[in-house]
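Report on the structure
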Amino acid sequence: MASHAIEVKNLYKIFGPRGGDFVDAVKKGMGKAELNEKHGHVLGLQDINIYMPAGGVMVVMGLSGSGKSTLIRHINRLIDPTAGEVLYDGVDVCKMNDADLRQFRRHKTAMVFQKFALLPHRTVLDNTVYGLEIQGIERKESEKRARRWIERVGLKGFENHYPNQLSGGMQQRVGLARALTNDADILLMDEAYSALDPLIRVDMQTVLLDLQKELKKTVVFITHDLDEALRLGDKIAILRDGRVVQQGTGQEIVLSPADDYITAFVKEVNRGRVINVETIMRPLSGNADGVPLAAGTVLEAAARTMTAARVASAHVVDSNGRPIGALDLSTVIAAMVTPVSHEDRAAA
Amino acid sequence: MASICSVLPALLCKFPAIDDSTIRLARKTVDDGFKSFVRSYGNAIDTVVQPLQWFLNYLESLFVGSPWIVILAAMVAIVYFGSRNMAVTIGTALSMIVIGLVGLWNDTMITLAMVTVCTLISILIGIPIGILMARSDRVQAFVNPILDVMQTMPSFVYLIPVVMVFGIGKVPGLIAVVIYAVPPMIRLTNLGIRLVDKEVLEAADAFGSSGWQKLKNVQMPLALPTIMAGINQTIMMSLAMVVVASMIGVGGLGKNVLQAIANQFFTVGFLNGFALVGIAIIFDRTSQAFGKRLQKHSEVIHG
C-alpha cells in the first residue's frame with residue numbers, strides 16, 4: 001500500500017485550561033511572552049502549515065522549547081490541538097473518535113522515542129511484537145515478523161535479552177524494530193537519535209536511510225541537530241517559538257536562510273555535503289570537458305572525483321548520461337566555503 | 001490565668017461546650033440508630049460474610065489437621081521456590097522446628113491461617129481500589145482521607161462497631177485485621193501505578209493500546225515492585241493486628257499473648273511473641289526475595 005502525505009493546516013496549540021479562548025488573540029498577533037504574562041497560558045504552536053510528502057523524510061528541526069516534540073505528537077494525537085487540522089489520506093486525525101483514533105494509531109502510525117520507552121520487563125522479542133500484540137495478531141505470526149525486523153536492525157542473537165542489558169544504541173534499534181514491525185505507513189521519530197553517541201547516531205541514520213530506500217514510508221523525524229536534519233531530510237521545516245521559520249529542502253535552507261536565526265545555524269554546516277553540483281553548474285558552452293558527474297552528486301564528492309582525476313573541470317550529466325552543465329574546481333571550492341555575507345550576518 | 005479571665009468575657013475564657021443533655025441525646029440517637037440497623041441487617045450481613053467463615057475454617061482445619069511434617073515440608077518448599085535462597089529456607093525450617101518444640105505448633109497454624117486469609121482479602125480489595133485511585137485524581141482525593149482514618153484510628157475503636165455487627169468470633173477479627181492491613185496495599189498500588197514512566201505509557205498509547213491493555217501490559221508490570229512492597233507491608237500489619245483481634249475471639253498466638261498480659265506470664269508472653277516474630281520474618285524475607293527475583297530483568301549487565 002502506498003504511503004500518503006500528511007498535511008498540517010493552521011495548527012495552534014495553547015497549553016492551559018482555557019487555551020481555546022486565546023486562539024483569536026494569538027491570531028491577532030499576541031506573542032508567547034504576552035500570553036504567558038497576561039493569561040498564564042503557554043503558546044506551544046502557532047499557525048503551523050506543513051505539507052509532509054508521501055514516502056519522504058520530513059525533518060522538523062528546532063531547539064528545545066521550539067515546539068517540535070509537541071508538533072509530532074499532534075500527528076498521532078498524543079496531544080490534542082487547540083485549533084487546526086492534521087489531514088492524513090483526507091481524514092482529519094483531530095476529529096476522530098476514540099475507537100477510530102486507536103485503529104489509526106495501531107495500523108497507520110508507529111513511533112520511536114528519544115528515551116526509547118521500551119518495556120523493561122519484556123525481552124527484545126517481546127518488546128518488538130508489542131504493536132502486533134495490541135492489534136490482536138496471533139503470536140506465531142507476529143513473532144515471525146518481529147524476528148525479521150530484529151535481524152534487519154542488526155540485533156540477531158539478542159532476542160532474549162532485556163533492554164537493561166543493552167547499550168543505548170542497541171536499545172534504540174529495538175525501538176526502531178518495534179516501530180517497523182508494526183508495518184505502518186507513518187513512522188514518527190521523536191528525537192530518536194538525540195540520546196545516542198555521535199558515531200552511533202550516524203550509524204543509525206544510515207540504517208534509517210537504507211531502510212527508507214525500500215520501505216518508502218512517510219517519515220516525520222524530529223531533531224535539534226542541523227547536520228542530522230540535512231542528512232536525512234527530503235524536506236526540512238525549522239521551528240522557533242512554536243512557529244515555522246523556514247521550510248524547504250536542505251539546499252534551499254543552506255543557500256538562502258530566511259533570517260539571522262537560521263543563518264547562525266547554517267554557518268557551521270558542512271556545505272560540501274549538502275549542495276549538489278547542479279545547483280552551482282553553469283550552462284554548457286561548447287564541448288563537455290573533464291570528468292562526468294551524475295546530477296545529485298554533492299560538492300565534496302565532486303571535488304574528490306576531480307582531484308583524484310587531476311582535472312580542474314567537470315561536466316554534470318543527467319540520469320540518461322546527457323551532459324547538462326559544466327563546472328570547475330574553483331567554483332566547487334568557492335561554494336563549499338561559507339559565504340562572507342553569512343559570517344557578517346551571524347556576527348551582527 | 002484567672003487574672004486574664006477576670007477581664008475577658010466568660011464566653012472566651014471557658015470553652016462554650018454544647019450542654020450535656022444535647023450531647024446525651026445525640027449520642028443516644030446515633031447509638032440507637034446503629035443498633036436498630038444491626039437488628040434489621042445483622043443477619044443479612046452475616047450471610048454475606050459467611051463464605052469468609054467457611055474459607056477461614058477450611059484453611060484452619062487444613063493447617064491444624066495436617067501432620068506437622070507435611071506442613072513443614074510445604075512451607076520449606078514454598079519458601080525455597082519463592083526466594084531461591086538457602087539461608088532463608090534453612091532459617092524457616094529451624095524457626096518452625098523451635099516453635100514446634102516449645103509447644104506452639106497448633107497456635108501458630110491458627111495464626112498462619114488467619115494471616116493468609118487476611119492477606120489474600122487485603123490484596124483482593126486493595127489492588128482494585130489502588131488501580132481506581134491511580135486512574136482518577138477525584139477518587140484519590142476521596143479515598144485518601146478514608147485511608148488516613150483507617151490508619152490512625154486506634155484499632156480498639158473500630159472493634160466496637162465490628163463486634164456490634166458481627167458479634168465475637170473469627171470473622172469480626174478478620175474484618176478488623178483487614179481494615180488495619182489494607183491501607184498500605186491500596187496506597188502502594190496507587191503510588192506504583194502513578195510512578196510508571198510517562199514515556200513508556202506514551203509509547204503504549206502511540207501503539208494504540210486500550211485502557212485495559214495499558215493496565216495489563218505496562219502499568220501493572222512496572223508497578224509490581226511497589227505493589228510487592230505493599231503486599232509485604234500488609235502481611236506485617238496483619239501479623240501485628242492478630243494480637244489485638246484476639247480480644248474479639250481470634251485464637252492462635254494472639255490469644256496466648258492476651259492471656260499472658262492478663263496473668264503476667266512473662267515467659268509465655270515472650271515465647272508467643274517470638275513465634276509471631278519468627279513467622280513475620282519468614283513472610284518478609286520470602287516475599288522480598290520473591291519480589292526481587294521478579295525484577296531480575298532490571299539488573300544492568302552492561303550499559
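Scoring rules and cut-offs
Residues numbered from 1 in each chain as written. Chains lettered and ligands numbered in written order. Predicted model: local features only at pLDDT ≥ 70, side-chain atom pairs only at ≥ 80, totals over all residues. Helix = DSSP H or I, 4+ residues; strand = E, 2+ residues; numbered from the N terminus. Rg over C-alpha atoms; globule rule 2.2 N^0.38 Å. Buried ≥ 20, exposed ≤ 12 C-beta atoms within 10 Å, placed from the backbone. Contact = placed C-beta atoms within 7 Å. Pairing = 2+ DSSP bridges. Axes fitted to C-alpha atoms, helices over the stretch in contact; angles between N-to-C directions. Nonpolar A, V, L, I, M, F, W, Y, C, P; charged D, E, K, R; others polar. Parallel < 35°, antiparallel > 145°, perpendicular 65-115°, else oblique. Left-handed = near helix turned anticlockwise from the far one by under 90°. Domains from an automatic or database assignment.

On to the overall build of chain A. Scanning chain A from terminus to terminus reveals 16 helices and 13 strands. Scaling as 2.2 N^0.38, a compact globule of 348 residues should have a C-alpha radius of gyration of about 20 Å, and chain A matches this with 23 Å. With the C-alpha coordinates of chain A rotated into their principal frame, the extents come out at 65 × 55 × 35 Å. Considering chain A as a whole, with its 348 residues, one finds that 41% of them fall into the buried category. Of the contacts formed within chain A by residues at least 6 apart in sequence, a portion of 67% connects residues at least 24 apart.

So, about the overall build of chain B. If you tally the helices and strands in chain B, you get 13 helices and zero strands. Listed N to C, the secondary structure of chain B is α-α-α-α-α-α-α-α-α-α-α-α-α in terms of helices and strands. Relative to the 2.2 N^0.38 estimate, which gives 19 Å for 303 residues, the radius of gyration of chain B is 24 Å and therefore markedly larger than a compact globule would have. Seen along its three principal axes, the alpha-carbon backbone of chain B occupies a region of about 75 × 60 × 50 Å. Partitioning the contacts of chain B with sequence separation of at least 6, the portion at a separation of at least 24 is 75%.

All names here are of chain A. With respect to topology, six strands assemble into an open sheet ordered 6-7-8-3-9-10, the strand pairing being mixed. A single partner strand is all that each edge strand has here, and the edge strands are strand 6 (109-112) and strand 10 (243-248). With strand direction ignored, the average angle separating the axes of adjacent strands in the sheet is 15 degrees. Summarising the sheet, strand 7 (residues 186-190) and strand 8 (residues 218-223) pair through five bridges and their orientation is parallel. When the sheet's bridge partners are listed, Ile186 is paired in strand 8 with Thr218. This element, helix 8 (residues 168-181), spans strand 6 and strand 7 of the sheet and lies at about 180 degrees to strand 6.

Quick look at the sheet that holds strand 13 (residues 323-328) of chain A now. Residue and element names in this part refer to chain A. Taken together, the three strands give an open sheet; going across it, the order is 11-12-13, and neighbouring strands pair in mixed fashion. Strand pairing shows two members of the sheet lacking a second neighbour, strand 11 (291-294) and strand 13, which therefore form its edges. Strand after strand, the sheet turns through a mean of 35 degrees between neighbouring axes, direction not considered. Direction of pairing for strand 11 relative to strand 12 (residues 313-317): parallel, over a ladder of four bridges. Directly across from Pro292, in strand 12, lies its bridge partner His315.

Turning to the interface of chain A and chain B, a few remarks are in order. Between chain A and chain B, the contact holds 20 residues from the first and 19 residues from the second. Listing elements by their share of the side of chain A that touches chain B, those giving two or more residues are helix 4 (98-107) and helix 6 (130-135) of chain A. Class assignment for the residues of the side of chain A that touches chain B results in nine nonpolar, seven polar and four charged.

The next thing to look at is unusual backbone geometry. Positioned with a positive phi, A:Phe116 is a non-glycine residue whose angle comes to about 70 degrees. Secondary-structure assignment places A:Phe116 in the loop between strand 6 and helix 5 (124-128). According to the C-beta neighbour criterion, A:Phe116 is buried, with 24 such atoms within 10 Å. Even without being a glycine, B:Gln264 presents a positive backbone phi close to 55 degrees. Structurally, the position occupied by B:Gln264 is in the loop between helix 12 (253-263) and helix 13 (266-294).

On to the environment of A:Glu7, then. Residue and element names in this part refer to chain A. On the secondary structure map, Glu7 appears in strand 1 (residues 6-15). Residues Glu7 and Asp92, 85 residues apart in the sequence, show an inter-C-alpha distance of 9.3 Å. Ignoring sequence-local partners within four residues, the contact set of Glu7 consists of Tyr51 and Leu87.

All names here are of chain B. At a minimum axis separation of 9 Å, helix 4 (residues 68-83) and helix 5 (residues 86-101) run at an interaxial angle of 155 degrees. As far as their axial angle goes, helix 5 and helix 4 are roughly antiparallel. In terms of crossing hand, the pair formed by helix 4 and helix 5 is right-handed. In contact with Trp68, Leu72, Met75, Val76, Val79, Tyr80 and Ser83 of helix 4, helix 5 contributes Val88, Thr89, Thr92, Ala93, Met96 and Gly100. Tallied by class, residues from the contact of helix 4 with helix 5 come to nine nonpolar, four polar and no charged.

Residue and element names in this part refer to chain A. Once the domains are mapped, chain A shows domain 1 (53-82 + 96-269) and domain 2 (272-347). Computed from C-alpha coordinates alone, the two centres of domain 1 and domain 2 are separated by 33 Å. Contributing elements (two or more residues each) for the side of domain 1 that touches domain 2: helix 11 (250-255) and helix 12 (260-266). The class makeup of the residues in the side of domain 1 that touches domain 2 is six nonpolar, three polar and two charged.

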